[in-house]
Amino acid sequence: MSSKSQLSYKARASNHPNVLAKKLFEIAEAKQTNVTVSADVTTTKELLDLADRLGPYIAVIKTHIDILSDFSDETITGLNALAAKHNFLIFEDRKFIDIGNTVQKQYHNGTLRISEWAHIINCSILPGEGIVEALAQTASASDFPYGPERGLLILAEMTSKGSLATGEYTKKSIDYARKYKNFVTGFVSTRALGDEQADSSLATEDEDFVVFTTGVNLSSKGDKLGQQYQTPQSAIGRGADFIIAGRGIYAAPDPVDAAKQYQKQGWEAYLARIGGQ
Ligand code: 5BU
């Protein structure tokens with residue numbers, strides 16, 4: 001577990017060098033929630049409706065914007081307005097995985113204009129270091145107005161059965177995060193990632209990557225397509241700073257009630273981890 005996992009969100013926000021990590025911890029502290037809802041619905045109306053109803057209980061909304069059947073300017077305007085209204089960040093789970101030149105075009109402009117509205121994006125490092133460098137370059141371009149409010153999570157591990165994001169791949173994820181730490185806010189992983197044979201010469205004393213863990217569900221152990229679940233307690237005990245739940249919340253009989261339940265359990269597990277500071 002990272003040495004910073006035992007600290008409060010407030011302490012970690014206080015002088016975090018990564019602007020987006022600081023913002024995430026500030027939101028978690030202010031709203032007393034570490035829940036990210038994975039809003040995997042397929043129309044703009046459903047997405048905005050969920051974002052508005054669940055907004056008070058979540059820190060982040062995670063989207064798969066390409067599954068919407070009716071994506072338009074209205075989707076972006078609506079999401080942005082709700083993010084401001086409820087003080088949450090938007091994470092587009094696009095999982096970029098291509099050569100640098102292509103991902104720059106997929107991230108910026110294009111039909112989905114992801115760089116305009118998604119505070120957080122993620123990528124696989126399967127293509128090598130260039131993908132991280134390319135995305136960081138786009139976000140720091142002098143004509144890109146949102147630069148400081150953008151961050152990248154490296155997909156260091158996956159929750160699905162038989163995932164190949166392990167071993168050397170995970171170690172390299174740590175190396176690249178360290179090398180591009182201004183833009184890399186943290187990881188999507190099933191646990192906090194320590195040194196484990198990554199290149200420790202790249203580590204700094206103030207290193208504090210944010211860990212997002214998907215596959216969190218209170219009532220199921222998995223699905224029929226290889227998804228594997230753990231509870232909020234287990235994810236946070238293993239080092240998750242933010243827990244991501246999809247069907248456990250949006251497909252519950254009452255999504256608001258479910259969001260409140262994940263918020264409560266996630267927050268209690270966090271308090272237990274930091275020892276009630
Ligand atoms: P679920 O309904 O809670 O199973 O949804 C999980 C979400 O997290 C879904 O949007 C996936 O695409 C996403 N996900 C995941 O399940 N596992 C992973 O390792 C990663 C993302 Br990365």
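Nothing here was measured: the structure is a model prediction, and the numbers come from that model. (Residues numbered from 1 in each chain as written. Predicted model: local features only at pLDDT ≥ 70, side-chain atom pairs only at ≥ 80, totals over all residues. Heavy atoms only, no water.)

Chemist: When you look at the packing of helix H5 (residues 100-107) against helix H7 (residues 129-139) in this model, what are you seeing that I'm missing?
Modeler: The axes of two packed helices give the description: the angle between them and the distance between them. For the pair H5 and H7, interaxial distance at closest approach is 8 Å and the crossing angle is 40 degrees. As far as their axial angle goes, H7 and H5 are oblique. Of the two possible hands of crossing, H5 and H7 adopt the one that is right-handed. Along the contact surface, H5 presents Gly100, Val103, Gln104 and Tyr107, while H7 presents Gly130, Ile131, Ala134, Leu135, Gln137, Thr138 and Ala139. Here the contact of H5 with H7 is composed, by residue class, of 6 nonpolar, 5 polar and no charged. (Axes fitted to C-alpha atoms, helices over the stretch in contact; angles between N-to-C directions. Helix = DSSP H or I, 4+ residues; strand = E, 2+ residues; numbered from the N terminus. Parallel < 35°, antiparallel > 145°, perpendicular 65-115°, else oblique. Left-handed = near helix turned anticlockwise from the far one by under 90°. Contact = heavy atoms within 4.5 Å. Nonpolar A, V, L, I, M, F, W, Y, C, P; charged D, E, K, R; others polar.)

Chemist: Explanation requested: the sheet that holds strand E3 (residues 89-96) in the structure shown.
Modeler: By definition, the strands of a sheet pair up through backbone hydrogen bonds, in either a parallel or an antiparallel sense. In space, the 8 strands of this closed barrel follow the order E1-E2-E3-E4-E5-E6-E7-E8, with parallel pairing throughout. Along the sheet, successive strands turn relative to each other by an average axial angle of 25 degrees, direction set aside. In this structure, strand E6 (residues 184-188) lies alongside strand E7 (residues 210-213), joined through 3 bridges in parallel fashion. In the strand pairing of E7, Phe187 is matched with Val211. (Pairing = 2+ DSSP bridges.)

Chemist: Would you take a moment to explain the packing of helix H3 (residues 44-54) against helix H4 (residues 73-86) for this structure?
Modeler: The N-to-C vectors of H3 and H4 enclose an angle of 5 degrees; their axes lie 10 Å apart at closest approach. Between H3 and H4, the angle falls in the class roughly parallel. Where H3 abuts H4, its residues Thr44, Leu47, Leu48, Ala51 and Asp52 lie against Glu74, Thr75, Gly78, Leu79, Leu82, Lys85 and His86. Here the residues of the contact of H3 with H4 sort into 5 nonpolar, 4 polar and 3 charged.

Chemist: What exactly am I supposed to notice about the site of the ligand here?
Modeler: Taken together, 16 residues are adjacent to the ligand, and Asp40, Thr159, Gln227, Tyr229 and Arg247 come closest. Within the side chain of Ser38, a nitrogen or oxygen atom sits 3.0 Å from an oxygen atom of the ligand. Here an oxygen atom of the ligand sits 2.7 Å away from a polar atom, N or O, in the side chain of Arg247. Look at the ligand: alone it shows 500 Å² of surface, and the protein chains cover 90% of it. Looking at side-chain class alone, the shell around the ligand contains 5 nonpolar, 6 polar and 5 charged residues. (Near = heavy atom within 4 Å. Polar contact = N/O pair within 3.5 Å; in protein donor to acceptor, adjacent residues only side chain to side chain. Areas by Shrake-Rupley, 256 points an atom, 1.4 Å probe, with all protein chains shown as cover.)

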